[in-house]
Amino acid sequence: MKTRVMIGLGVTVGVTLGVTRGATLGATLGAVALMALSTALHAGETGELLAQCAACHGPDGVARSADVPNLAGQHGLYLYNQLRAFADGKRPHKEMRFMSRQLSDAEMREIAHYYEQQPR
Ligand code: HEC
């Protein structure tokens, strides 16, 4: 939600610049500003989500408890499919259903990618 609002802002700034400073310069500045903005915010939001996962799965995807599976180094597609299954209720689990239902499809993919990159 926050990201979308801020991206909207970026577009507005870009368009305004385009009108006031000439099409080419404005469009370039707008695009750069938009990219920087969405990258920064994106990292921030995913970071917040990952901090919630870290409580159980560890910051690096290596769980501290034997009741919780390690995610580090697991295949991204596997992780994504599990998150989908939790959210859809196909894989029943109270906590994970709650956690996964807060995630958008894009966030699931990003999170899966993050854990895939972590060393086992
Ligand atoms: C309250 C603790 C807790 C939190 C917070 C939590 N998880 Fe889990 N997670 C678990 C447990 C326990 C399991 C094992 C579920 C089972 O037994 O089926 C699990 C399973 C998973 C699996 C499946 C792993 C596998 O090997 O099949 C994924 C993927 C996953 N969690 C991702 C996440 C993500 C992403 C977040 C943050 C958005 C998160 N979890 C937050 C406790 C938690």
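Further up the page is the structure itself.
Residues numbered from 1 in each chain as written. Predicted model: local features only at pLDDT ≥ 70, side-chain atom pairs only at ≥ 80, totals over all residues.

> How do you make sense of helix α5 (residues 105-117) when you look at a structure like this?
An ideal rise of 1.5 Å per residue puts 18 Å on 13 residues; α5 measures up with 19 Å between its terminal C-alpha atoms. When α5 is considered as a whole, its buried residues turn out to be M108, I111, A112, Y114 and Y115. Buried residues of α5, seen end-on, are gathered within an arc of 160° and therefore sit on one face of the element. Residues D105, A106 and Q117 are exposed on α5 and point more than 90 degrees away from its buried face. (Helix = DSSP H or I, 4+ residues; strand = E, 2+ residues; numbered from the N terminus. Expected span 1.5 Å × (residues − 1). Buried ≥ 20, exposed ≤ 12 C-beta atoms within 10 Å, placed from the backbone. Arc of directions from axis to C-beta.)

> What am I meant to see in the site of the ligand here?
In the region of the ligand, 18 residues are neighbours, and C53, C56, P69, Q82 and E95 sit closest. Broken down by secondary-structure element, the contributors of at least two residues to the shell around the ligand are α2 (23-57), α3 (76-88) and α4 (94-101). A total of six residues in the shell around the ligand trace back to one element, the largest contributor, which is α2. Grouping the constituent residues of the shell around the ligand by class yields twelve nonpolar, four polar and two charged. (Near = placed C-beta within 6 Å. Nonpolar A, V, L, I, M, F, W, Y, C, P; charged D, E, K, R; others polar.)

As far as function goes, none of this settles anything; it's purely spatial.
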